[in-house]
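Structural features, examined
Each chain, written out:
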Amino acid sequence: MAPSLQVLGVGYISPQNQPILIRYFSGKKKDGLKFHYIAHTSLDVFEERKCYLGLLYAMDDFAVYGYITPLRVKIVLTIALTDNLVRDADVTMIFRALHMAYYHALANPFLRLDAPYDAVVDHTALLVQSKTQWKGFRRRVDEVARACGVNVPPDGEET
Amino acid sequence: MNSYPAELIVQLAPVMFVAGLDSAANQQRRPQASGTSPPPPAPTAAVSTQGTAPVAGPSSGSKPERDPFAILAARLRDALASQRRPAVWSPEAVRKGKIFQVTFVDKNVQFPPRKLPPPLPEAGQQPQHGPNRSPLSPLHPSSPLFPDGLIAPLWVRKHTALVPSVFVLFLRLYEHPHPPTDTSDEEAQRVYKEERERMEKDRDAELAKEISQRKEGTNERSIKLTVVLLANRGMLDDPSLDSRLSNIRRRATLDARAALFVLTPVTQTELHEFVRSLQGALIDPALEYYTAHSKRVRRKRNRVQQNPSSVSAHIAGQHAPPLRPEGWTVRYEYKMACFAEFRGEDEVALKHFQDSYNALLGLFTSISGTLPARTKRWAEAKVLADCINIKICKLYLYNAEPSLALGQLNSHLRRFAELSIKMWGIGETTYEYWAWVGRQYRVFAELLEQGTLSVPPLTIPTVVPAIPTANTSAGAVPASASTTLASSIIGIGSLNPSTHLMHPGFYYAAAATCAEKRRARFLDALSAVEGADTEGVQQQPGPGFANEKKSDHLGTILELYTKSYELFKKFGPSLPGGPGSPILQPQDNQNQAGQAPVNSFSSGSARFPLWVAYRIALTYFASGRYDMANKFLERITKTYSLRREAWGPLLKPVLSTWYACSQRIGDIDLSVRLAIEMMLRGYPSLGIPGQVADGLDGESMSLNQDDEEDDIVEDLMAVFRSTVPTKQDDPVNVNVQDCEPLLDLSSALFWESTAEVDSPMAFQIALSVPQRENSEGSRVSFGLLAKLPITRVRLSCTPFNREEGVGGDSVDIVVDHESAGDNEVTTVQVVDVGELVYGVAKDSRECHGNAHLRWNDDDAIVVLKGIFHSQTPSDFKFTSGVVTIAEGRWTVNVPFRLDQQLPSSLTSPRWLVSLSPPKFIPMRRNNVSVLRIKEKRHDVNVKFIHEDHAFVDERFPVTISVTNMDAMELEILVDVLLQPSEDDSVNRIEFAGEQSTGLIKGVSFGALSPGMSAMKALYLTSMGSGGERVLDVSVQSKVKGASEIEVSSRIEHHARAQEHLQTFVVPVVWPFTFSHETTYSRRADNPGYNLGDLDTFEREYWDDMYGGEANVQTTVTSAEGRDSISVIGFKFMEENKTYSKLLHCSIAEETFPQELWPGDDFVVFSSLSLAPPENYFIDNSSSLPEPGCYEISWRRTTSMDDFVAQTRIRLPQIQPPPDRLIALMRLPSTVHLHKPFLLEIVLRNLHQTRTACPSVSLDLDASDAFVVAGLRLGQLPTLLPGAEARVSWQLYPLECGPVVSLPKIRIFNKRKSPATQLGAMSEVASGDADGEEEEVKIVDVRRDDRWSDGNDVESTAGAAQSEGSLVQRFTISVTPS
């Protein structure tokens, strides 16, 4: 994994533009809003470019990259703005790992344990209602971040 | 950009001074005023339409249009001035377009002195002996830069405003008045001519003198002087003009090139053309001018670099240290950069600016501390550095290198921030630092903005990977596109995001953020100073504190954010019309609702502007302009809510701020509404007001969740207790869109999904505390409802139509709070609300219950249970509810909708089945919260009466019996649909006189009184094969007379036509089964072909020589286990007579009618003569077509119907076996003793190709009972294929007996063996050419019977036959005579 990228946060957004998971690794609770804003404003760029991945925008001290999965889930990656070149291959690798994390989390059959029989097949329903089962998902995302060299706060539980 | 001297950042352009265009009047008046030999006006001048020299020149202001030269001058001024205005950003077309920066000056304008001697020394100082120097040089003691300044804006101004590169002088050419009209007077003509020449000469001399005076000034500075002489058009044709012009040029020592023009009053377009050509002619001298300056400066710089001490040596000993060599480098490089910029050489300018910048940086970083912090020179140098930075950025942008531009900005920020912190002690905790950073961002943003506004605009780059446009243009992001995404990203390579240029809105926002930080630091400093004051400690405020105090921080922040907001909107996604854009729909809603009071957020989905708008609102809030903040927050909230994208965490601070704002405004109702809305959205705390203050301290996006947050419920309670609503009598309605209801009502359940009118259906509604999650996804439990004084919950159940939506009156459940002691409150409360009835009188459309409406426990549930009835059919669901909160003098109704919840839930609703212990079962069916009430069914009994099976071909009767079991008289209509059968056979139904192969509609059974039945017969005729026939019967019932008689609403729905659908299946079987057995026999009586007989060629000639006879035995078996069948008729239907014809059929007419019981057999025998076609035997698999069929007329014995069914049994295909050489023996069946009879053998060569050579032998034993007359042994003629030979014997029977053996007859067919044929050559000598003899089978025609494969029936039946020998002994019966 690319040690040159300093991953600050990760956001997953459903095709309906609802947040699925907003994760940040600063460990400071007050950053929560910032990363929500980053993910939310990224949607502007996603919409502007319709189908895009790569650098969405750079601001203050961070750069935001975006990725759309085949099922139109958007993944937003926030990295620290340094003066280094960011290789797209590295970003793609992280995105793939994040995509796989999402994919594996979604494959958890217990997500649907209590679902009504007529529950829609749409995966986003499972996502948006981020129940406690998503602990596993968060853990996977944290693993990806750790692999990128991020010092993830223990178990990510600030509360 | 106002923060910097305009001179240092403005785009430089070659400067042109234009004189003489003040106005026509001035121009005319001035020569007169100067008093240099004013020409006496000619007496005839009055008639001159040219008005060259009116005595009292009209003022140019009053009637400028009268004077063409005044108009010309004004137009020239406009044309010249509009070419180029001073701007920071110049589009390339302007920069490279040979366009001058025009300044209008007086003709006699003086240029600033080039060099001045040092000023006179003041008292007590040494007189200075130095060379004359420029008054702007740091070396000149009276210079503002003396002794160590770098460069002053004044220097730039000198070159832009005080000294031109070219000087254009507009002057009037003298024109003598027109000659006298009287041409005959030669004397007058001569006088006039002399006068004119004299005047012209004088005036031209004056003109030349004026020009040469002017030229002295310009020559001194190598400035190109160009004179434009204004003259009338007529002057151009004057023959003396050329000589006058050359005279003027010579006298004024003007240059040969581009120094003298003549201009006449022309049209606007021609004027522009002139201006263009003038500039085109002058651009080269201008560039030369600036190049000369550059060269001069370069020489000086080289001198400094070669001999650093040379500069400072002159003024050594001054009290202030002189400018260091590095300083001189900065100065000279800057000058060279400016001159390059004047010339429009961007690359050269960039290079010099960079050198200058680097040298300047060196000055700052030099350890010797040449620029101590906070000195005047330090401040000047800093400003210079910032300005050069902007220039470099701009030049990069000109050159379309945005990332280099941004990189320059970044490095500038980084280096100077480093210097600031490390060397000057101006760290991030100072407002000065943030003011400086903010200024950099702001100037950069302004530069970008100017660039994007210019024509053509500066393009902000977007990194778009090379996705195939075919995919993207379709607007879809299908899986195929996404696969290309993954591959294309690799192709982009790499990118430094920090040098990726964004649109100026981002930099304005960054500047605004810096301004916020600046304000926060200032407030810190202010509080420190004030704190010190109160404590009586004298604390020195930081430098610049007084200035900082004066600045309008909030105004600046607001201005920056507003600019940023506008730019974000401008550069935001342009969604409308984009195919496949995902959130068009909420956007449309928003546009309808979008009457924004302050800003219309009409760009819709743009989220960046929304964020900026929130910052603006916060700024308004911080500056105490709560009304503005209120408006903004209202719009923001509405936009967020309308979007329905569930970004709750973003809305929380907005609502919190708005809540604080509403409190500041004093809008109690609003604050109550907001508090409740926040509760509904699940924000347990306010986070106010500290959040707002923090929000502006530069931590621009912070979600404050401090521990000391106020509990919103307590806050609300305090409001309730201490205030009264504005309208005291009415309850306050708090209508909150798009958020979850206060109570979790997702489980309003009906036990079953459908019920009939008037039949009860149980329902349960569980009221519980909503369980929400915070942004990290962990469950948030909050005890909001425990403290909230909920007094009543009202739930409405509404009929709705799936297509039209909700409609109709609702029926309500009202649950009032009834306080219970702590011990009595259980986790699960069950309240029986009784019956909820829809459709009766309106006043009873409610049912009541009481419950303890406090949820102290997260798991606490109040289950309302009851029974629902409806008297009208419809769909019902609980659509809305109202929670009433009452406290003090407040009554607040919180309505909410139940039918707009999240589309799907992951947890099934649960139905309480047991209270102790509480036990729930999940309801997993579809739409548990919707009940469909159906109409009551008409009680109609439909029966089908028929036999248990039908026969194929039978007209099978089915009796449809409809019985009205209902209490009302019903009209019955019946439709019958016969489903197509699986095979292709076409079946048929008959019903009420109609016949159809499919549908028979609308057969009326009439009106049936209660208890009455009606029956009708349906006939089904099944063709084809057996199997099942499917009939759909639809019985429609309608209350008789429903349309005419007015019915009460109660039975209105019941009166509607109802349909009862029934399907029944009729098994169909064959009435008979049958089998065929076909044998073949040969015939010998036919003579075969006789080519000599003409009959052979007749059409009806029948030749069965090859075919013989076919005997078909058909066994018909009545279907086992079914009804007995009466066979009425049975006949053979001959169909195909070409190759076969019926010889005999065993059917006897008198046999029928005959009854067949199940399992009875009935055998029919038919023999057919066959005449297969010639090619029949060539192909072994061929067969002759079916010769016909048996038609059986029959009916069911028990049937009352006189219908006779007809079933056909087709005969099998006929396959007569092939033959080769065959001997057919003919003899009578019985002979009499001693009576001779003839035994004939017919030898037929039926082989298709081979010749036969038969020989015959008859062996007569002694024991034989016959006397034979005929051939005993002999060769028969050779038989060609198809030929036949006959051999006859006469026999006398000598014995009697039933079975008397005939003499042994053998026939051989001699063939050459293959070996013989092969060895014929060698064996010829031996003379043995016999070869092999093959015995030919003799067939007794009387008994011939074969299967289609050629085997004899008898032999296959088990008759012993000695294999390998064809020797047969035939017998005959001999009777006594």
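On a predicted model such as this, the values are computed, not experimentally measured, just so you know. (Residues numbered from 1 in each chain as written. Chains lettered and ligands numbered in written order. Predicted model: local features only at pLDDT ≥ 70, side-chain atom pairs only at ≥ 80, totals over all residues. Heavy atoms only, no water.)

1. With respect to the overall build of chain B
Selection rule: Elements are defined by DSSP. Helices are runs of H or I of four residues or more, strands are runs of E of two residues or more, and each kind is numbered from the N terminus. We call a residue buried when its accessible area falls under 20% of the maximum for its residue type, exposed when it is over 50%, and partly exposed in between, using a 1.4 Å probe and counting protein chains only. Any two residues whose heavy atoms approach within 4.5 Å at even a single point are treated as in contact. For accessible areas, the Shrake-Rupley method is used with a probe of radius 1.4 Å. Any residue's cover is judged against the shown protein chains and nothing else.
The number of helices and strands found in chain B is 32 helices and 53 strands. Of all 1377 residues assigned to chain B, the portion counted as buried reaches 48%. Contacts spanning at least 24 positions in sequence make up 76% of the contacts within chain B whose residues lie at least 6 apart. Of the roughly 64,100 Å² that chain B leaves accessible, carbon and sulfur atoms contribute 50%.

2. With respect to the environment of Leu409 of chain B
Residues and elements named next belong to chain B. Position of Leu409 among the secondary structure elements: in helix H14 (residues 402-422). Sequence separation between Leu409 and Asp386 is 23 residues; the distance between their C-alpha atoms is 9.5 Å. With residues near it in sequence (within four places) discarded, Leu409 still touches Asn389, Cys393, Gln440, Tyr441 and Phe444.

3. Structural notes on unusual backbone geometry
Of note, the phi angle at Arg72 of chain A is positive, near 70°, even though the residue is not glycine. For Arg72 of chain A, a relative accessible area of 25% corresponds to the partly exposed category. Its identity is not glycine, yet Asp953 of chain B carries a phi of approximately 75°, on the positive side.

4. Brief notes about the confidence of the model for chain B
All names here are of chain B. Spelled out, the test is: By definition, pLDDT measures how confident the predictor is in each residue, and it falls between 0 and 100.
Of the residues in chain B, 78% have a pLDDT of 70 or more, and the chain-wide mean is 77. Taken element by element, chain B is modelled with least confidence in helix H21 (residues 584-593), mean pLDDT 32, and with most confidence in helix H15 (residues 431-453), mean pLDDT 91. The low-confidence segment residues 774-779, where pLDDT is below 50, has 20 contacts with residues more than four positions distant or belonging to other chains. In the model, residues 1356-1365 has pLDDT below 50 throughout and makes five contacts with residues more than four positions away in sequence or in other chains. Interface confidence in the predicted complex, given as ipTM, is 0.89; pTM for the same model is 0.67.

5. Here we look at a nonpolar patch on the surface
The condition is simple: Each patch is built from salt-bridge-free residues with over 30% relative accessible area, joining like charges within 9 Å and nonpolar side chains (Val, Leu, Ile, Met, Phe, Trp, Tyr) within 5 Å. Throughout this description, the term salt bridge denotes a Lys or Arg side-chain nitrogen within 4 Å of a carboxyl oxygen of Asp or Glu.
Taken together, the side chains of Trp751, Val913 and Ile921 of chain B make up a nonpolar region of the molecular surface, amounting to roughly 250 Å² of accessible area. Relative to the helices and strands, Trp751 of chain B resides in the loop between strand E8 (748-750) and strand E9 (754-756).

6. Focus on the packing of aromatic side chains
Residues and elements named next belong to chain B. For clarity, the threshold we go by: Centres within 6.5 Å make a pair out of two Phe, Tyr or Trp rings, where for Trp the six-membered ring is used; the pair is then stacked when the planes are under 30 degrees apart, edge-to-face when over 60, and tilted otherwise. For a ring to carry a charge above it, either NZ of a lysine or CZ of an arginine must fall within 6 Å of the ring centroid while also lying within 35 degrees of the normal to the ring plane.
All chains considered together, the criterion is met by 53 aromatic pairs over all chains. Centre to centre, the rings of Phe17 and Phe167 are 6.2 Å apart; their planes meet at 65°, and the pair counts as edge-to-face. Taken together, the residues span a long stretch of sequence, with Phe17 in strand E1 (residues 15-19) and Phe167 in strand E3 (residues 166-172) at a distance of 150 residues. For Phe167, a relative accessible area of 0% puts it in the buried group. Through successive ring pairs, a cluster of aromatic residues spans Tyr357, Phe364, Trp378, Phe416, Trp424 and Trp436. One cation-aromatic arrangement involves Arg77 over Phe104; the distance from NZ or CZ to the ring centre is 4.4 Å. Sitting over the face of the ring of Tyr398, Arg95 holds its NZ or CZ atom 3.3 Å from the ring centroid.

7. Considering the side chain of Gln764 of chain B
Our working rule: We define a polar contact as two N or O atoms separated by no more than 3.5 Å, with the added condition that, inside protein, one atom must be a possible hydrogen donor and the other a possible acceptor, whereas residues neighbouring each other in sequence contribute only through side-chain atom pairs.
Summarising the element assignment, Gln764 of chain B is placed in strand E10 (residues 761-768). Among the polar contacts listed, one links the side chain of Gln764 of chain B to the backbone nitrogen of Leu912 of chain B, at a separation of 2.8 Å.

8. Thoughts on the packing of H15 of chain B against helix H20 (residues 553-571) of chain B
Residue and element names in this part refer to chain B. For clarity, the cut-off: In this analysis an axis means a line fitted to C-alpha atoms, helices contributing only their contacting stretch, and an angle means the value between N-to-C directions, from 0 to 180 degrees. It is the rotation of the near helix from the far one that decides the hand of a crossing: anticlockwise by less than a right angle makes it left-handed, clockwise makes it right-handed. Three classes are used: nonpolar for Ala, Val, Leu, Ile, Met, Phe, Trp, Tyr, Cys and Pro, charged for Asp, Glu, Lys and Arg, and polar for all others, with Gly counted as polar.
Where H15 contacts H20, the axes come no closer than 12 Å and their chain directions differ by 35°. In the packing of H15 onto H20, the handedness of the crossing is left-handed. The residues of H20 that touch H15, namely those facing Arg442, Glu446, Glu449, Thr452 and Leu453, are Thr556, Glu559, Leu560, Lys563, Leu567, Lys570 and Phe571. Here the residues of the contact of H15 with H20 are counted per class, giving four nonpolar, two polar and six charged.

9. Looking at the side chain of Asp386 of chain B
Residues and elements named next belong to chain B. Our working definition: Within this scheme the basic residues Lys and Arg register as positive and the acidic residues Asp and Glu register as negative, but His and the chain ends are omitted.
Topologically, Asp386 is positioned in helix H13 (residues 376-398). One buried charge, Asp386, has no salt-bridge partner; the nearest side chain with opposite charge is Arg439, at 4.9 Å. Here Trp436 takes part through its side chain, which lies 3.0 Å from a polar atom of the side chain of Asp386. The contacts of Asp386, once residues within four sequence positions are left out, are Tyr4, His412, Trp436 and Gln440.

10. Describing the sheet that holds strand E5 (residues 74-80) of chain A
Residues and elements named next belong to chain A. Filter applied, for reference: A pair of strands counts as paired when DSSP detects no fewer than two bridges linking them.
Spatially, the five strands line up as an open sheet ordered E2-E1-E5-E4-E3, and their pairing is antiparallel. The two strands at the open ends of the sheet, each matched to only one other strand, are strand E2 (19-24) and strand E3 (54-59). Between one strand axis and the next, the sheet turns through 15° on average, direction left out of account. Two elements, strand E4 (residues 62-68) and E5, share seven bridges in a ladder whose sense is antiparallel. Bridge pairing in E5 places Gly66 opposite Val76. Across the face of the sheet, helix H4 (residues 135-147) comes into contact with strand E1 (7-13) and E2 while running at roughly 45° to E2.

11. Topic: the sheet that holds strand E31 (residues 1013-1021) of chain B
Residue and element names in this part refer to chain B. What the five strands build is an open sheet, ordered E24-E26-E31-E28-E29; its pairing is antiparallel. Two strands lie at the open edges of the sheet, namely strand E24 (940-945) and strand E29 (994-996), each paired on one side alone. When the angles between neighbouring strand axes are averaged without regard to direction, this sheet yields 20°. Of the pairings in the sheet, the one linking strand E28 (residues 988-991) to E29 comprises three bridges and is antiparallel in character. Residue Phe991 lies in a different strand from E29, and its bridge partner there is Glu994.

12. Observations concerning the pattern of salt bridges
All names here are of chain B. Evaluated as defined, the whole model comprises 45 salt bridges over all chains. With a closest N to O distance of 2.9 Å, Glu200 and Arg196 form a salt bridge. With a gap of four residues between them, Glu200 and Arg196 both fall in helix H6 (residues 186-220), about one helical turn apart. The exposure class assigned to Glu200 is buried, which follows from its relative accessible area of 7%.

13. A look at the environment of Trp658 of chain B
All names here are of chain B. As for its placement among the helices and strands, Trp658 is situated in helix H24 (residues 648-665). On the accessibility criterion, Trp658 (2% relative accessible area) is buried. Spatially, the C-alpha atom of Trp658 lies 9.4 Å from that of Leu618, the residues being 40 residues apart in sequence. Among all residues touching Trp658, those that are not within four sequence positions of it are Asn630, Leu633, Glu634, Thr637, Leu670, Arg673 and Leu674.

14. Concerning the nonpolar core
Put simply, the rule reads: In plain words, nonpolar cores are sets of buried Ala, Val, Leu, Ile, Met, Phe, Trp, Tyr and Cys residues tied together by side-chain atoms within 4.5 Å.
The biggest cluster of nonpolar side chains holds 215 residues, and the ones touching the most others in it are Tyr57 of chain A together with Ile813, Phe868 and Phe878 of chain B. Ranked by size, the runner-up nonpolar core spans 33 residues in total, among them Val10, Leu77, Ala101 and Leu106 of chain A.

15. Things to note about the confidence of the model for chain A
In regions of low pLDDT, the predicted coordinates are not meant to be interpreted in detail. On average, residues of chain A carry a pLDDT of 78, and 77% of them reach 70 or more. When mean pLDDT is taken per element in chain A, E5 of chain A scores highest with 91 and helix H3 (residues 123-128) of chain A scores lowest with 60.

16. A short note on the pairing of strand E22 (residues 919-922) of chain B
Residues and elements named next belong to chain B. For strand E21 (residues 910-914) and E22, the ladder comprises four bridges, and the chain directions are antiparallel. Residue pairing in the sheet places Arg910 in a bridge with Pro922 of E22. Where E21 folds back onto E22 in an antiparallel hairpin, the turn is made up of four residues.

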